[in-house]
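If you want the building blocks of each chain, they are given just below.
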Amino acid sequence: MSHAIDQLNRPLHDLRISVTDRCNFRCTYCMPKSVFGRDYQFMPQDQLLTFEEMDRVARVFVDLGVRKIRLTGGEPLMRRDLESLVSKLALIPGTEDLALTTNGSFHITRIQSLKDAGLKRMTVSLDALDDATFMSMNDVDFPVSKVLEWIDVSANAGLGPVKINMVVKRGVNEHAILPMARYFREHCHVLRLIEYMDVGHSNGWRMDDVVTAAQIRDLLHADMPIEPLEPNSRGEVAERYRYTDGSGEIGIIASVSQPFCGDCSRARISADGKLYTCLFAINGTDMRGLLRGGASAAELREAITAVWQKRVDRYSELRSAQTEDLPKVEMSYIGG
Ligand code: SF4
């Protein structure tokens with residue numbers, strides 16, 4: 001079977017499936033309370049793809065070259081019985097990696113059940129080590145200690161190396177960069193520092209609030225010398241660094257100051273079954289209608305190939321004052 005290649009010669013390699021638009025946190029850079037308040041209408045259950053539908057469409061993506069599947073949200077564990085989806089996806093021949101991105105706020109017993117279902121890797125979002133700063137980023141009162149416990153139990157369950165995603169926002173949590181780096185270096189987990197991005201159209205993004213990769217790198221290097229590492233694979237989003245004393249690795253995701261669109265091989269499916277070819281997209285292509293209309297695997301394949309082959313996305317390279325206010329899709333809807 002031939003693999004799908006887009007207009008910029010980028011292969012389809014990674015699939016991110018958003019299983020819900022709901023979340024129990026209200027991170028200001030993703031789901032600010034001012035927009036996603038008590039009265040916010042989340043998608044009703046019958047609009048969400050069923051796990052069977054997600055499995056059907058994922059099989060076609062793997063057929064077209066996808067090797068890595070990541071489950072996202074919202075908060076994916078808000079979707080009941082996620083383990084049954086994991087066990088379906090884990091059976092797809094050709095899938096090399098099956099990962100989950102979570103805020104680590106659910107009961108730690110879920111970790112082993114996810115592992116037993118076939119999950120391979122865990123990524124956890126955590127924006128600070130102290131509760132006050134953490135709360136100023138996620139706008140809910142949830143103890144950091146619980147998330148740290150989720151991270152350690154995930155590593156002990158063999159879902160590592162656990163990656164920790166920290167979004168850095170100027171004036172809010174950049175003071176937490178060094179404490180986080182020291183802590184995760186000591187605990188042998190891989191911290192990834194993420195530039196604050198203009199995702200969606202609700203987070204009030206300003207360039208002034210971005211701490212750039214260069215600034216983060218200099219801050220780290222001055223305290224714990226680092227040197228660059230080769231990427232693990234084409235299309236890897238994080239710039240990798242190792243501590244020169246050999247005590248581990250750290251990553252920086254620089255979508256704003258050093259775009260990486262040239263190798264972007266990621267497709268995204270929203271929880272209601274729309275295919276998006278960029279995190280900063282405005283429109284998606286409906287797959288749910290095809291799935292519920294009885295489309296065959298060949299027809300799904302044709303539809304996905306047609307979308308991917310037309311793809312020219314490189315939003316981060318084209319970002320400008322004109323693009324900031326575009327009605328981009330919300331990250332909580334298509335996943336990070
Ligand atoms: S901006 Fe779009 S095309 Fe560029 S790396 Fe991100 S998802 Fe890929």
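Residues numbered from 1 in each chain as written. Predicted model: local features only at pLDDT ≥ 70, side-chain atom pairs only at ≥ 80, totals over all residues. Heavy atoms only, no water.

1. Brief notes about the overall build of the protein chain
Then, number 1: A tally of helices and strands in the protein chain yields 11 helices and 12 strands.
Then, number 2: Its C-alpha radius of gyration of 19 Å places the protein chain within 12% of the 20 Å reference for a compact globule of 336 residues.
Then, number 3: For the protein chain, the proportion of its 336 residues judged to be buried stands at 55%.
Then, number 4: Put simply, of all contacts in the protein chain between residues at least 6 apart along the chain, 74% involve residues at least 24 apart.
Then, number 5: Here the protein chain displays about 14200 Å² of accessible surface, and carbon together with sulfur accounts for 52% of that area.
Then, number 6: Side chains of the protein chain carry 41 positive and 46 negative charges; the gap between the two charge centres is 3 Å. (Helix = DSSP H or I, 4+ residues; strand = E, 2+ residues; numbered from the N terminus. Rg over C-alpha atoms; globule rule 2.2 N^0.38 Å. Buried < 20%, exposed > 50% of the residue type's maximum accessible area, 1.4 Å probe, protein only. Contact = heavy atoms within 4.5 Å. Areas by Shrake-Rupley, 256 points an atom, 1.4 Å probe, with all protein chains shown as cover. Lys, Arg positive; Asp, Glu negative; His and termini not counted. Charge placed at Lys NZ, Arg CZ, Asp CG, Glu CD.)

2. Some points on the nonpolar core
Then, number 1: Core analysis: the biggest nonpolar cluster contains 111 residues, and Phe-61, Leu-126 and Leu-220 have the highest contact counts within it.
Then, number 2: Counting residues per element, this core draws most heavily on helix H1 (residues 51-63), which supplies 7 residues. (Core = buried A, V, L, I, M, F, W, Y, C linked by side-chain atoms within 4.5 Å.)

3. A word on the packing of helix H6 (residues 177-186) against helix H7 (residues 213-223)
Then, number 1: It is the contact of H6 with H7, at a shortest axis distance of 10 Å, that shows an interaxial angle of 60 degrees. By the angle between their directions, the pair H6 and H7 is classed as oblique. For the element pair H6 and H7, the recorded crossing hand is right-handed. The residues of H7 that touch H6, namely those facing Ile-177, Leu-178, Ala-181 and Arg-182, are Ile-216, Leu-219, Leu-220 and Asp-223.
Then, number 2: Classifying every residue of the contact of H6 with H7 gives 6 nonpolar, no polar and 2 charged. (Axes fitted to C-alpha atoms, helices over the stretch in contact; angles between N-to-C directions. Parallel < 35°, antiparallel > 145°, perpendicular 65-115°, else oblique. Left-handed = near helix turned anticlockwise from the far one by under 90°. Nonpolar A, V, L, I, M, F, W, Y, C, P; charged D, E, K, R; others polar.)

4. Structural notes on the side chain of Thr-102
Then, number 1: Mapped onto the elements of the fold, Thr-102 is located in strand E3 (residues 97-102).
Then, number 2: On the basis of relative accessibility, which here comes to 1%, the residue Thr-102 falls in the buried class.
Then, number 3: There is a polar contact of 3.0 Å between the side chain of Thr-102 and the backbone nitrogen of Gly-104.
Then, number 4: If near-sequence neighbours (up to four positions away) are discounted, Thr-102 is found in contact with Glu-75, Leu-77, Met-122, Thr-123, Val-124, Ser-125 and Trp-150. (Polar contact = N/O pair within 3.5 Å; in protein donor to acceptor, adjacent residues only side chain to side chain.)

5. Quick look at H6
Then, number 1: Buried within H6 are the following residues: Ile-177, Leu-178, Met-180, Ala-181, Tyr-183 and Phe-184.
Then, number 2: At its buried positions, H6 is contacted by helix H5 (144-156), strand E5 (163-168), strand E6 (190-195), H7, strand E8 (239-243) and strand E9 (249-253).
Then, number 3: Just downstream of H6, Cys-188 is the residue with a positive phi angle, here 60 degrees.

6. Regarding the site of the ligand
Then, number 1: Cys-261, Cys-264, Cys-278, Leu-279 and Ser-316 are the nearest of the 13 residues found near the ligand.
Then, number 2: When residues of the shell around the ligand are traced back to their parent elements, those giving at least two are strand E10 (266-269) and helix H10 (315-318).
Then, number 3: Residue classes in the shell around the ligand are distributed as 7 nonpolar, 1 polar and 5 charged. (Near = heavy atom within 4 Å.)

7. Remarks on the state of the cysteines
Then, number 1: According to the stated counting rule, one finds 0 disulfides in the structure shown.
Then, number 2: As a non-bridged cysteine, Cys-30 has Cys-27 as the owner of its nearest cysteine sulfur, 6.4 Å distant.
Then, number 3: Judged by its relative accessible area of 16%, Cys-30 is buried. (Disulfide = S-S within 2.5 Å.)

8. Considerations on the packing of H1 against helix H9 (residues 297-309)
Then, number 1: Running from N to C, H1 and H9 point in directions that differ by 65 degrees, and their axes come no closer than 10 Å. Pair H1 / H9 crosses with right-handed handedness. Along the contact surface, H1 presents Arg-56, Val-57, Val-60, Phe-61 and Asp-63, while H9 presents Ala-297, Leu-300, Arg-301 and Ile-304.

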